[in-house]
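# Commentary on secondary and tertiary structure
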Amino acid sequence: MSNDEDPEEMTGGYASPPCFMHELTPDYRVQPAAHRSGSSDVARWRRAERKRLIDARMALDPDERNRRSKRIASRLEAALGRPGGRILAAYWPVRGEPDLRNWMIRAFERGSRIALPIVIAKNRPLEFSLWSPGDRLERGVWDMLVPARGTAVQPDVIVAPGVGFDEADHRLGYGGLLDRTLAAMSRKPQVIGVGYAESRIRTIYPQPFDVPMDLVVTDG
């Protein structure tokens, strides 16, 4: 689950792109004036690209999505090595995201502590709460599943699903809460983006607030 959802995206409220936006590809170069933070052209392009990428992963056959999720989990394990006692923040999958719940359980069994993100409010940083296999979950903000009871922690590693990732490992997310969260942290964790191979695009037209991932793991 990408708990950095924007309410507009959660409800399927994608704004209609202008008449030429359907012709844009990740190779399209936004002019410098349109590339500034807050550009309406970039925002519209991101909404259109976000919808395209989510539709593509939702169209995957469930068995295929499961196979690809297992491949991502295997590569994630190789990238992290021995988890030790680190706090790994992961997510509960929604909208066709890679399902890493079995990986979370294996990491827990190997000595890691697992945390899930909690949305406090749209414009506030995420919080992270410890979760153990079997712990009860409840519906939080925007109906997201979060630990019913848990200790607030600061993760050592954040595994963040992305709708898209560009060549510089910037992440196209859902609403910017992850970027806001990382900016507010006193100690920066390792941040690993995960997604299907199709999530790799040339650019997301990064803005000053976009924080690149330390590593991106896909099945491709």
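Look above for the structure.
No experiment lies behind these values; they were computed from the predicted model shown. (Residues numbered from 1 in each chain as written. Predicted model: local features only at pLDDT ≥ 70, side-chain atom pairs only at ≥ 80, totals over all residues. Heavy atoms only, no water.)

### Quick notes on helix α3 (residues 62-80)
Which entries qualify depends on this criterion: In this text, helices come from DSSP runs of H or I with a minimum length of four residues, and strands from runs of E with a minimum of two, each type numbered from the N-terminal end. Multiplying 1.5 Å by the helix residue count minus one yields the expected span of that helix. Burial status follows relative accessibility: with a 1.4 Å probe on protein chains alone, a residue under 20% of its type maximum counts as buried, one over 50% as exposed, and anything between as partly exposed. Each direction from the helix axis to a C-beta atom contributes to the arc, which is the arc of those directions. Should any heavy atoms of two residues lie within 4.5 Å, those residues are counted as being in contact. Here a polar contact means two N or O atoms within 3.5 Å. Within protein one must be a hydrogen donor candidate and the other an acceptor candidate, and residues neighboring in sequence count only if both atoms are side-chain atoms.
End to end, α3 covers 27 Å across 19 residues, agreeing with the expected 27 Å (1.5 Å per residue, within 8%). Looking at α3, one finds that the buried residues are R65, R68, S69, I72, A73, L76 and L80. Looking straight down α3, one finds that the buried residues subtend no more than 150° of arc, so they occupy a single side. Structural note: α3 exposes D63, K70 and A78 on the side pointing more than 90 degrees away from its buried face. Of the surrounding secondary structure, the elements contacted by the buried residues of α3 are α2 (40-58), β1 (87-89), α4 (101-109), β7 (157-161), β10 (190-194) and β11 (215-217). With a side-chain oxygen lying 2.9 Å from the backbone nitrogen of D63, the N-terminal cap of α3 falls on D61.

### A look at the pairing of strand β2 (residues 113-118)
How we decide: The handedness of a crossover follows from its direction of travel: if, with the strands pointing away from the viewer, the path from the first strand over the helix to the second runs clockwise, the crossover is right-handed. At least two bridges found by DSSP between two strands is the condition for calling them paired.
Among the six residues of β2, five are classified as buried, and the element is accordingly described as predominantly covered. Handedness of the crossover is the feature at issue here: the chain leaves β1, passes through α4, returns alongside β2, and the resulting connection is right-handed. Note that β2 and strand β3 (residues 127-131) share five bridges and pair antiparallel. Across the sheet, residue L116 finds its bridge partner in β3, namely S129.

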